[in-house]
Amino acid sequence: MAEYDYDLLVIGAGPGGYVAAIRGAQLGLKTACAEGRETLGGTCLNVGCIPSKALLHASEYFDAAANGAMASMGIKVTPELDLDTMQGQRKDAVKGLTGGIEFLFKKNKVDWLKGYAQFKDAHTVEVNGETKTAKNIVIATGSSVTPLPGVEVDNAGGVVVDSTGALELGKVPGKMVVIGGGVIGLELGSVWRRLGAEVTVVEYLDQLLPGMDGDVRKEAGKIFKKQGMTLKLKTKVTGVEVKDGAAKVTVEPAAGGDAEVLDADVVLVAIGRKPNTDGLGLDKIGLELNQRGQIETDHDFGTKVEGVWAIGDVIPGPMLAHKAEDEGIAVAENIAGLTGIVNHDVIPSVVYTQPEIAGVGLTEEAAKEKGKVKTSKFPMMANSRAKTNHEPDGFVKVIADAETDRVLGVWCIASVAGTMIAQVAQAMEFGATSEDIAYTCHAHPTHSEAIKEAAMGIQGKPIHT
Ligand code: FAD
Ligand code: NAI
């Protein structure tokens, strides 16, 4: 009889966990994946990436019809919102994709252990009253919303909500206050603004989108203001009072000063996410967390405990689905005796607003801390396709090492920045210089030509500015 029930047991079926399980099974490991949710796919497929994009996409059409963008191209329509249908197509997208993972599990013979797993020892977990053993256990339990002390989220009540509640709203709020000017606040704030809400974003720092390049953060602020969002930067929330189905949000300058009360029909709390480790029984295996509550791993995604590995939002690094997926593939390969590697220096990030905001590699600020750099910016206004499509906002910025010309980072604000950034990630993965990008033939007319032109700028010779 085999020593263990499984070669590989993954805890959590988000993009990290389900990918690790499928890859492990593909590599011949007897694999199980424990998931406590009713459907597979984790945060991303159920309440994150996918449903938010379903609403972003649909609300973009509504906005184009409502804000005159379509009329300016000779299409006169007065849109009528059918929110039930819009929400229905969001649910359909989630159902289709989560069901797809269930199909892939069956196809690859991954056993889905339904329930929340808890360690008994380093090779044993209990799931729904049953004990299962495995030679290797991967923790891929993801993250959940960071609570704001003193502000109670009640998604069912629909007044003070987190991202999950903000996806489910049954009617467009008249006034929405978003606490946190990060990715979730701007994406979901954009959805409801496009559908008619008056949106105020309260951000503690002096700019939106911490972690992104400084120029991008400034430009993003201008664009969101132009779109009609009210931005209260350098401002903190000191209290939220809910009464008769509405809220009063008390804010004051971050540095201290006079308080102000904002009325809101819906308050979205989006101040970050924290790793899920409660109830896992990590004490049973002697695994400690770092100061940020994350599980530390080595380069191979192994933890300090032999046979226990960790990936995705629960370990350090950006909390992004594609990072979790790549780590899922790498950890399974390492467990199977291959060499699985993730290059954490080249992980693109995208904010799916309109225009989209995307970046990969270092910000200009971070690059300058490491040495001398050359930078070049090309405005989308000078890109023929963006201009033709009436999409003048944004730019592409390339940051290269001043001595070697190696590309260190690229940042884009453009309608299709999320798609454009892929070519840069690939170029950087291959160690490209800005000259390599400048001399790569880009199809015309495409938004991506702006990347080539920005790279040409580093060489001192852009054509169209
Ligand atoms: P998760 O997806 O969080 O999955 C972990 C799973 O583990 C969960 O299903 C949970 O139920 C399960 N679990 C936890 N504990 C246990 C246990 N003890 N036993 C069994 N199961 C357990 N990222 C992007 O890259 N692009 C986007 O567009 C994007 N949009 C987002 C929008 C929103 C609103 C949110 C909230 C997040 C978004 N993200 C996006 C982030 C992305 O969802 C996460 O980075 C990603 O889901 C992390 O994957 P993961 O596998 O580490 O964890
Ligand atoms: P975030 O970290 O992106 O932004 C949180 C914002 O809240 C920051 O700007 C922070 O300064 C601010 N903040 C913190 N405390 C505050 C307070 N008390 N008052 C006012 N502002 C405060 O976190 P967010 O938006 O919750 O997203 C969580 C994670 O989910 C992100 O790290 C991101 O990786 C992931 N995500 C990714 C998406 C994508 O890739 N498109 C979309 C949505 C989420």
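Residues numbered from 1 in each chain as written. Chains lettered and ligands numbered in written order. Predicted model: local features only at pLDDT ≥ 70, side-chain atom pairs only at ≥ 80, totals over all residues. Heavy atoms only, no water.

Right, let's get into the UniProt feature "domain: Pyridine nucleotide-disulphide oxidoreductase dimerisation" (unreviewed entry) in the protein. Sites flagged by UniProt as "domain: Pyridine nucleotide-disulphide oxidoreductase dimerisation" (unreviewed entry) map to residues 347-455. What you have in residues 347-455 is 34% helix and 28% strand, and the ends, taken at the C-alpha atoms, are 20 Å apart. (UniProt positions renumbered as here; feature names shortened; annotations may be inferred. Helix = DSSP H or I, 4+ residues; strand = E, 2+ residues; numbered from the N terminus.)

Looking at the secondary structure, you find Ala321 in helix H9 (residues 321-335). Each C-alpha atom, one on Ala321 and one on Gly170, is 27 Å from the other, the two residues being 151 residues apart in sequence. Setting aside anything within four residues of it in sequence, one finds Ala321 in contact with Pro15, Cys44 and Cys49. (Contact = heavy atoms within 4.5 Å.)

In this section: unusual backbone geometry. In the segment running from Gln354 into Pro355, the intervening peptide bond is cis, with an omega of 0°. Cis geometry marks the peptide bond from His444 to Pro445, where omega comes out at -5°. If you trace the backbone, Pro445 turns up in the loop between helix H13 (434-438) and helix H14 (449-458). Although it is not a glycine, His390 adopts a positive phi angle of roughly 60°. Within the secondary structure layout, His390 lies in the loop between helix H11 (384-388) and strand S21 (395-401).

With that settled, consider the state of the cysteines. Considering all chains together, one arrives at one disulfide under this definition. Each sulfur of the disulfide joining Cys44 and Cys49 lies 2.3 Å from the other. A torsion of -130° about the S-S bond marks the disulfide between Cys44 and Cys49 as left-handed. Residue classification places Cys44 among the buried positions, given a relative accessible area of 11%. No disulfide involves Cys441; its sulfur sits 19 Å from that of Cys412, the nearest cysteine. A relative accessible area of 76% places Cys441 in the exposed class. (Disulfide = S-S within 2.5 Å. Buried < 20%, exposed > 50% of the residue type's maximum accessible area, 1.4 Å probe, protein only.)

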